[in-house]
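In case you want the letters, here they are:
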Amino acid sequence: MRQAFDIYRRLLGVQIRSQLQYRVSFSFDLFSAILVTATEFAALALVFERFEQIGGWTLGEVAFLFGLLEISFGIMDMVFGGFDPQDFGASVRHGSFDQIMLRPAHLLTQVLGSQFALRRLGRIVFGAGVLLFAVTVTQLDWTLAKVLYLPLVVTGMVLFFGGLYIVGSTITFWTVESIEAINILTYGGSYLISYPMHIYQNWLRRIFTYLVPAIFLNYYPVLYFLDKPDPFGFPAFAPFLSPLVGVASFVAALAFWRFGVKHYQSTGS
Amino acid sequence: MLSIVHVSKLEKTFHVRRYHQGRWASLQNLVTRRSRLIRAVDGIDFTIEAGELVGYLGPNGAGKSTTIKMLTGLLVPSSGRLIVNGFVPWKDRRHYVARIGAVFGQRTTLWWDLPVIESFELHRHLYQIPTGRFKRNLAEFNDLLELAPFLDVPVRSLSLGQRMRADICAALLHDPELLFFDEPTIGLDVVAKERIRNFIRHINEERETTVLLTTHDIADVQRLCRRVMIIDRGKLIFDGELARLLERFGGHHRLIVDFAESYAEVAVIGAELLSYSDQRAIYRFDRRKITAPALIQAVSERYAIRDLSIEEPDIETTIRTIYEKRLL
Ligand SMILES: Nc1ncnc2c1ncn2[C@@H]1O[C@H](COP(=O)(O)OP(=O)(O)OP(=O)(O)O)[C@@H](O)[C@H]1O
Ligand SMILES: [Mg+2]
């Protein structure tokens, strides 16, 4: 374990140094990452220009959902960049995964250490800004429990979406054609849960409650943070399921990954 | 016996997706999924003793790389048994690969943006090589492979030959007991090839490292391997000494004689006269039936000789005939 962490740290060092070698492109990436998130938030804010409320929620309240998601997704994308199905699929096709298999370190350590997109910092910082804005305008009522729970919610989402990345990458062992489907699930899912879940049709919300329990990742914790009533009458512990959902999906994803590695075919040339 | 590699009834099949052709192809491809089974390795058996240096030959697509990938733990065999150095490679991958080295000529294990020496340093940590041994090995390989001029150059700026030398060094820093080379000399010039061959021989002889190497360059085999295995369409069609292969298939030597005078007839017993003109005769003989000195003596007893030379059997032609005619 300690050796794994030492290796991870060194591999990250390589990634970070390589990225800083290309200073211009790095600054550009950082800037465009901020721009993308800012545009998304501006679009959200514009909706409130016209309607003032979405499903009874104010801009500040929705910004809380949005900010929390952006921070989590940004951290996930930075840490799990090696498992971005697009990049991972390419590394399988180009044979770099062969080289990873040939080294005497855990595959997970090495894949995680093979990418570390510092430019995602842009997204994280902007997300933090939005969250701060939300906290201010909603005049959130902080308690010690809330302060302690916030990082756990972030962790839950990081693990959940990280797990999705791992599942998507594992599928590229068999086919690269499903990458799009996985991307829709990941990006679409994250977009969906940056809005209050009660605005969706019942069937859609049920999918995201029972099939993919994403409703517990962001929506329920935010109900708790903002002291809002639960419109669906779940038990009182529902807001605290986020870390559990994250850990459970991550463990399942790892099991699938291990199964996939046994079916790894390498490349024909 | 000290067999370090045991392979029996080893098979690897791939399902390769077949795509529809024609007008409605993309729609059909979406709806149906057809695949073809490829037997890349089709039931092979062999063992390799510790310290051997074995050449693994075969035409394109024969199954060489697939075999090496199973031996190095990258691929799980479809069936059969595979034990290397006491391990089932894919089962205990991490412990197994710590004690082998593998170089795939078309790939690099080094970090693209890092200076060569820093990639080596990373290997030191990955393989947990004690510092003293790391330094000794690096110094030795540096001498043999002449790495010094480009140790602090990023890998992306190296020439192919330099990169290959660096890759080979990286694969050896942790003193592996076994080495797998998949086309280590591909794309290199004559001098670079020779340097790598000398190095591989050195490692095999001085360190008694077991080596299995695939190549399409017959000179690699000629310089390095006593034993060769030939695979074709997934089946092992020859396994034995190179000399025996040559004996069995086109193992003929040639004697070329320039006579001092013109003779009407220059036939000798024990050799076949291939051509004779302008006072030069070319004989073909089988060394198992007549030795070169005996033949030369037979010729010189009857004719005045100005000059002569002996040609070894041409391995390249022999191997090509085997591939083309599927002799075995
Ligand atoms: N990952 C894979 N997926 C599908 N087919 C594969 C794969 N790897 C190899 N093959 C097929 O298996 C057969 C053997 O390939 P292999 O790479 O082992 O040949 P080789 O002897 O190394 O050839 P070469 O001399 O060209 O390198 C070929 O028909 C190849 O197309
Ligand atoms: Mg090959």
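Residues numbered from 1 in each chain as written. Chains lettered and ligands numbered in written order. Predicted model: local features only at pLDDT ≥ 70, side-chain atom pairs only at ≥ 80, totals over all residues. Heavy atoms only, no water.

Caption draft 1: Summary view of the layout of surface pockets. The space that makes up the largest pocket amounts to roughly 1400 Å³. Around the largest pocket sit 47 residues that line it, and Q265(A), S266(A), T267(A), G268(A) and F14(B) are the ones nearest its centre. At the level of secondary structure, the elements contributing two or more residues to the lining of the largest pocket comprise helix 4 (85-93) of chain A together with strand 1 (3-18), strand 2 (34-49) and helix 2 (64-71) of chain B. Tallied by class, the residues present in the lining of the largest pocket amount to 14 nonpolar, 21 polar and 12 charged. (1 Å grid on protein atoms, 1.4 Å probe; cavity = no way out; pocket = protein on both sides within 12 Å on 5 of 7 lines; lining within 4 Å. Points joined across faces, edges and corners; volume = space filled by probe spheres on them. Helix = DSSP H or I, 4+ residues; strand = E, 2+ residues; numbered from the N terminus. Nonpolar A, V, L, I, M, F, W, Y, C, P; charged D, E, K, R; others polar.)

Caption draft 2: Local environment of the sheet that holds strand 9 (residues 235-241) of chain B. All names here are of chain B. Reading across the sheet, the six strands line up as 5-6-7-3-8-9 and stay open at both edges, with mixed pairing between neighbours. Pairing within the sheet leaves two strands with one partner each, and these edge strands are strand 5 (100-104) and strand 9. Neighbour to neighbour, the strand axes of the sheet diverge by 15 degrees on average, direction disregarded. Note that strand 5 and strand 6 (residues 178-182) share five bridges and pair parallel. By the bridge assignment, V103 is partnered in strand 6 with F181. Running over the sheet, helix 6 (residues 160-172) touches strand 5 and strand 6 and is turned about 165 degrees from strand 5. (Pairing = 2+ DSSP bridges. Axes fitted to C-alpha atoms, helices over the stretch in contact; angles between N-to-C directions. Contact = heavy atoms within 4.5 Å.)

Caption draft 3: View of unusual backbone geometry. Residue and element names in this part refer to chain B. One non-glycine residue, E208, lies in the positive phi region at around 55 degrees. Among the structural elements, E208 can be located in the loop between helix 7 (190-206) and strand 7 (210-214). Its identity as a non-glycine residue notwithstanding, Q279 has a phi of 65 degrees, on the positive side. Relative to the elements of secondary structure, Q279 occurs in the loop between strand 11 (272-277) and strand 12 (280-286).

Caption draft 4: Representation of the sheet that holds strand 1 of chain B within the structure. All names here are of chain B. Reading across the sheet, the three strands line up as 2-1-4 and stay open at both edges, with antiparallel pairing between neighbours. Two strands lie at the open edges of the sheet, namely strand 2 and strand 4 (79-84), each paired on one side alone. Geometrically, the sheet is characterised by an average inter-axis angle of 25 degrees between neighbouring strands, direction not taken into account. Here 13 bridges tie strand 1 to strand 2, and the two strands are oriented antiparallel to one another. When the sheet's bridge partners are listed, T13 is paired in strand 2 with R39.

Caption draft 5: Inspection of helix 2 of chain B at higher detail. Residues and elements named next belong to chain B. Within helix 2, seven of the eight residues are buried, leaving the element largely enclosed by the surrounding structure. The set of residues buried in helix 2 consists of K64, T66, T67, I68, K69, M70 and L71. Note on helix 2: the residue one or two positions beyond its end, G73, has a positive phi of about 85 degrees. (Buried < 20%, exposed > 50% of the residue type's maximum accessible area, 1.4 Å probe, protein only.)

On their own, these measurements won't tell you what the molecule is for.
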